[in-house]
Amino acid sequence: MAIHLLYEDTSDEKFLTAVVNFLIMALIVFCIVKAMNAAGERFGHKEEKAPDTKECPYCKSKIAIA
């Protein structure tokens, strides 16, 4: 039960309010995702690169992988 003392909302004002609310929520979600990505890069696990050498099973020396 809302009491409107001064005026009633028009459809234009409701639309503008919805747009502003959407933009605020989009900014908040953007900031959260950006912070999560930064934290993931800083504290996440590092991917190991593929080895560029292997050990020969016969002579036990290191051989470059082509």
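Residues numbered from 1 in each chain as written. Predicted model: local features only at pLDDT ≥ 70, side-chain atom pairs only at ≥ 80, totals over all residues. Heavy atoms only, no water.

## Some thoughts on the overall build of the protein
Argument step 1. Within the protein one finds one helix and two strands.
Argument step 2. When the elements of the protein are put in sequence order from the N terminus, they spell out α-β-β. (Helix = DSSP H or I, 4+ residues; strand = E, 2+ residues; numbered from the N terminus.)

## Focus: a nonpolar patch on the surface
Argument step 1. Taken together, the side chains of Leu16, Val20, Ile24, Met25, Ile28, Ile32 and Met36 define a hydrophobic patch exposed on the protein surface, amounting to about 680 Å² of accessible area.
Argument step 2. With respect to the secondary-structure elements, isoleucine 32 resides in helix H1 (residues 11-43). (Patch = residues over 30% accessible without salt bridge, like charges linked within 9 Å, V, L, I, M, F, W, Y side chains within 5 Å. Areas by Shrake-Rupley, 256 points an atom, 1.4 Å probe, with all protein chains shown as cover. Salt bridge = Lys/Arg side-chain N within 4 Å of Asp/Glu carboxyl O.)

## Some thoughts on the environment of aspartate 52
Argument step 1. On the secondary structure map, aspartate 52 appears in the loop between H1 and strand E1 (53-55).
Argument step 2. Remark: the alpha-carbon pair of aspartate 52 and isoleucine 65, spanning 13 residues in sequence, is separated by 5.5 Å.
Argument step 3. Those residues within four positions of aspartate 52 in sequence are excluded, and the remaining contacts are Ile63, Ala64 and Ile65. (Contact = heavy atoms within 4.5 Å.)

## A closer look at the confidence of the model for the protein
Argument step 1. The pLDDT averaged across the protein works out to 86; a share of 86% of its residues lies at or above 70.
Argument step 2. When the elements of the protein are averaged for pLDDT, strand E2 (residues 62-64) gives the smallest value, 88, and H1 the largest, 94. (pLDDT = per-residue confidence, 0-100.)

## Observations regarding the environment of serine 61
Argument step 1. Position of serine 61 among the secondary structure elements: in the loop between E1 and E2.
Argument step 2. Note on serine 61: relative accessible area 32%, which makes it partly exposed.
Argument step 3. Contact partners of serine 61, with chain neighbours within four places excluded, come to Lys54, Glu55 and Cys56. (Buried < 20%, exposed > 50% of the residue type's maximum accessible area, 1.4 Å probe, protein only.)

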